[in-house]
Amino acid sequence: MRHVLVVDDELDAAQAMALLIVDAGYTVATARSLYDARRQMAMHKPDLVLLDLVLPDGNGMKLLDDPSLCQDTDVIFVTGHGDVESSVQALRKGAVDYLLKPVDVAQLMDLLKRLSRGTPRSAPSRSGMRHGGSRLLGRSRQMRLVVDQIERVAPTSVPVLVTGESGSGKELVASTLHMRSRRADKPMLAINCAAISANLMESELFGHEKGSFTGADVQHLGFFERAKGGTLFLDEITEMPPELQVKLLRVLETGTFMRVGSTQLQTSDVRIVAATNRDPMQAVAEGKLREDLLYRLDVFPIRVPALRERPEDIAPIAHHFLEIVSRRERGAKRFAPQVLQTFEGYFWPGNVRELRNAVERAYVMASGSEIVDACLPLL
């Protein structure tokens, strides 16, 4: 199921759009400022952002200044009639469309339908497991093992711990697990444990009651409730504060939790997939991860190999990324043979993420239809 973020400081307008989007079959969250939008996108990357141009802490276009934040996310600007020129500028910066206020319901529904006609970002395919414009592509023995492990564990509800270097594809594994599971028609929510401050983490995970602390003006449902029946992906689990690890362990053991400021038990019905770029046992030795929590999470471990461990996968992945950027920029280009040799001889410390960036930069640098070594970053 696709996830939409509505960014608008007018509460009534945001809530009205959110209700329409939920009725259309999407999950939805709202934000009332650029700061809140960045926080929400770090915690749960949306497939679509409906973004107001005028926000309390700046122009909505500033969100497009962070390519990593908006990568693989469609952005539609919502603006007043007097800001059409700004909206056109936003389209040049990467937005896919804009809507005029007051938003026409039929036009909004038409946009949602048009965007959903493409392959969903998290939908699996038989030739590869697709998510976020990427696939778990690979003909190597290591990747065949990963795919086999996913197929074996996906139909169950046991916790999975995904390990691997940064940029190797851990979130792709998590999303593919969800889409191959019996929970695929329910939400998959992702929370980056390194992106949320310790004092907000408990509220984000478990929710809070109105008035439970300063600033808690309304009741807030946490990730465990919002992902009910689905999957909760805990990225960078070793960055979770130790006191929260204790509470997470209790949820895993009892299947219950309480919102902050409440005495009423809530039942947890989520499948936990956690990920880390650290060696789990070393993280335990360093005090970054509780040993008892590790054993609860590591019921079924999946290790994602680094790109340099599977050089035979580099060319197909590079071709896949080139196909994506060529289609997006509406101009086909091809690799010269020596470029693929250069790619295969490089160490790739940033893994698949670095390869994608290298392909996109090479596409831009190529003046003709052929990408040669001179177009590459300094590999």
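Just above, that's the structure.
The structure presented is a predicted model; accordingly, all values stated were derived computationally and were not measured.

Rules used in this analysis
- Residues numbered from 1 in each chain as written.
- Predicted model: local features only at pLDDT ≥ 70, side-chain atom pairs only at ≥ 80, totals over all residues.
- Heavy atoms only, no water.
- Helix = DSSP H or I, 4+ residues; strand = E, 2+ residues; numbered from the N terminus.
- Buried < 20%, exposed > 50% of the residue type's maximum accessible area, 1.4 Å probe, protein only.
- Areas by Shrake-Rupley, 256 points an atom, 1.4 Å probe, with all protein chains shown as cover.
- Salt bridge = Lys/Arg side-chain N within 4 Å of Asp/Glu carboxyl O.
- Pairing = 2+ DSSP bridges.
- Axes fitted to C-alpha atoms, helices over the stretch in contact; angles between N-to-C directions.
- Contact = heavy atoms within 4.5 Å.
- Core = buried A, V, L, I, M, F, W, Y, C linked by side-chain atoms within 4.5 Å.
- Expected span 1.5 Å × (residues − 1).
- Arc of directions from axis to C-beta.
- Parallel < 35°, antiparallel > 145°, perpendicular 65-115°, else oblique.
- Left-handed = near helix turned anticlockwise from the far one by under 90°.

A. Representation of the overall build of the protein chain within the structure. A count of helices and strands for the protein chain gives 15 helices and 18 strands. Out of the 379 residues in the protein chain, the part that is buried amounts to 51%. Entry remark: accessible area of the protein chain is about 17700 Å², with carbon and sulfur atoms responsible for 51%.

B. Layout of the pattern of salt bridges. Throughout the structure, instances matching the rule amount to 19 salt bridges. Between Asp-148 and Arg-152 there is a salt bridge whose closest N-O contact spans 3.0 Å. In this pair, Asp-148 and Arg-152 both sit in helix α6 (residues 141-153), four residues apart, roughly one turn of the helix. Using a relative accessible area of 60% as the deciding quantity, one classes Arg-152 as exposed. A salt bridge links Glu-239 to Arg-278, with the shortest nitrogen-to-oxygen separation between them at 3.4 Å.

C. Structural context of the sheet that holds strand β11 (residues 188-192). With parallel pairing, the five strands of this open sheet are ordered in space as β11-β12-β15-β10-β16. Among the strands making up the open sheet, the edge pair consists of β11 and β16 (300-303). Ignoring strand direction, the axes of neighbouring strands in this sheet form an average angle of 20 degrees. In the sheet, β11 pairs with strand β12 (residues 231-235) via five bridges, with the strands oriented parallel. Counterpart to Asn-192 in the pairing with β12 is Asp-235. Contacting β10 (160-163), β15 (271-276) and β16, α6 crosses the sheet at an angle of about 155 degrees to β16.

D. Geometry of the nonpolar core. Grouped together as the largest cluster of nonpolar side chains are 31 residues, with contacts concentrated most on Leu-205, Phe-224, Leu-232, Leu-234 and Ile-237. Put simply, the parts of the chain that give this core at least two residues each are β11, α8 (198-206), α9 (223-226), β12, α10 (242-254), β15, α11 (280-285) and α12 (291-297). A per-element tally of this core places α10 first, with five residues. The residues contacting Leu-232, other than those within four sequence positions of it, are Leu-189, Ile-191, Phe-223, Phe-224, Val-270, Arg-271, Ile-272 and Val-273.

E. Spotlight on α10. Spanning 13 residues, α10 covers 19 Å between terminal C-alpha atoms, matching the ideal 18 Å at 1.5 Å per step. Buried residues of α10: Leu-244, Gln-245, Leu-248, Leu-249, Val-251 and Leu-252, and no others. Looking straight down α10, one finds that the buried residues subtend no more than 160 degrees of arc, so they occupy a single side. Structurally, α10 contributes buried residues whose contacts are with α8, α9, β12, β13 (256-257), β15 and α12. The first or second residue beyond α10 is Gly-255, which carries a positive phi of 75 degrees.

F. Focus on the environment of Met-41. In this fold, Met-41 is placed in helix α2 (residues 34-43). Those residues in contact with Met-41 that lie beyond four places of it in its chain are Leu-5, Pro-46, Val-49, Leu-63, Leu-69, Cys-70 and Thr-73.

G. Highlighting the pairing of β12. A large share of β12 lies buried, amounting to five of its five residues. Here β12 shows a buried face lined by Thr-231, Phe-233 and Asp-235 and a second buried face lined by Leu-232 and Leu-234. Pairing analysis gives four bridges linking β12 to β15, with the strands arranged parallel. Note that in β15 the partner of Phe-233 across the bridge is Val-273.

H. Spotlight on the packing of α8 against α10. The geometry of α8 relative to α10 is characterised by a closest axis approach of 10 Å and an angle of 15 degrees between their N-to-C directions. By the criterion of interaxial angle, the relationship of α8 to α10 is roughly parallel. Read as a crossing pair, α8 and α10 show a hand that is right-handed. For the pair formed by α8 and α10, the contact residues are Met-201, Glu-202, Leu-205 and Phe-206 on the first element and Leu-244, Lys-247, Leu-248 and Val-251 on the second.

I. Here's a closer look at unusual backbone geometry. Of note, the phi angle at Glu-236 is positive, near 55 degrees, even though the residue is not glycine. Along the chain, Glu-236 turns up in the loop between β12 and α10. By relative accessible area, Glu-236 is classed as buried at 14%. At Asn-351, a residue that is not glycine, the phi angle is positive and equals roughly 60 degrees.

J. Geometry of the environment of Asp-235. With respect to the helices and strands, the residue Asp-235 is situated in strand β12. A relative accessible area of 17% means that Asp-235 is categorised as buried. Along the chain, Asp-235 and Met-43 lie 192 residues apart, while their C-alpha atoms are 9.2 Å from each other. Contacts of Asp-235, omitting those with residues within four sequence positions, involve Ile-191, Asn-192, Cys-193 and Ala-275.

K. A look at the sheet that holds strand β1 (residues 3-7). Taken together, five strands build an open sheet; the order of strands is β2-β1-β3-β6-β7 and the sheet is parallel. Among the strands making up the open sheet, the edge pair consists of β2 (27-31) and β7 (97-100). Averaged over all pairs of adjacent strands, the angle between their axes in this sheet comes to 20 degrees, without regard to strand direction. Note: β1 against β2, five bridges, orientation parallel. Note on β2: the bridge partner recorded for Leu-5 is Ala-29. In the packing of helix α1 (residues 11-23) onto the sheet, the strands contacted are β1, β2 and β3 (48-52), and the crossing angle to β2 comes to about 170 degrees. Across the face of the sheet, α2 comes into contact with β1, β2 and β3 while running at roughly 145 degrees to β2.

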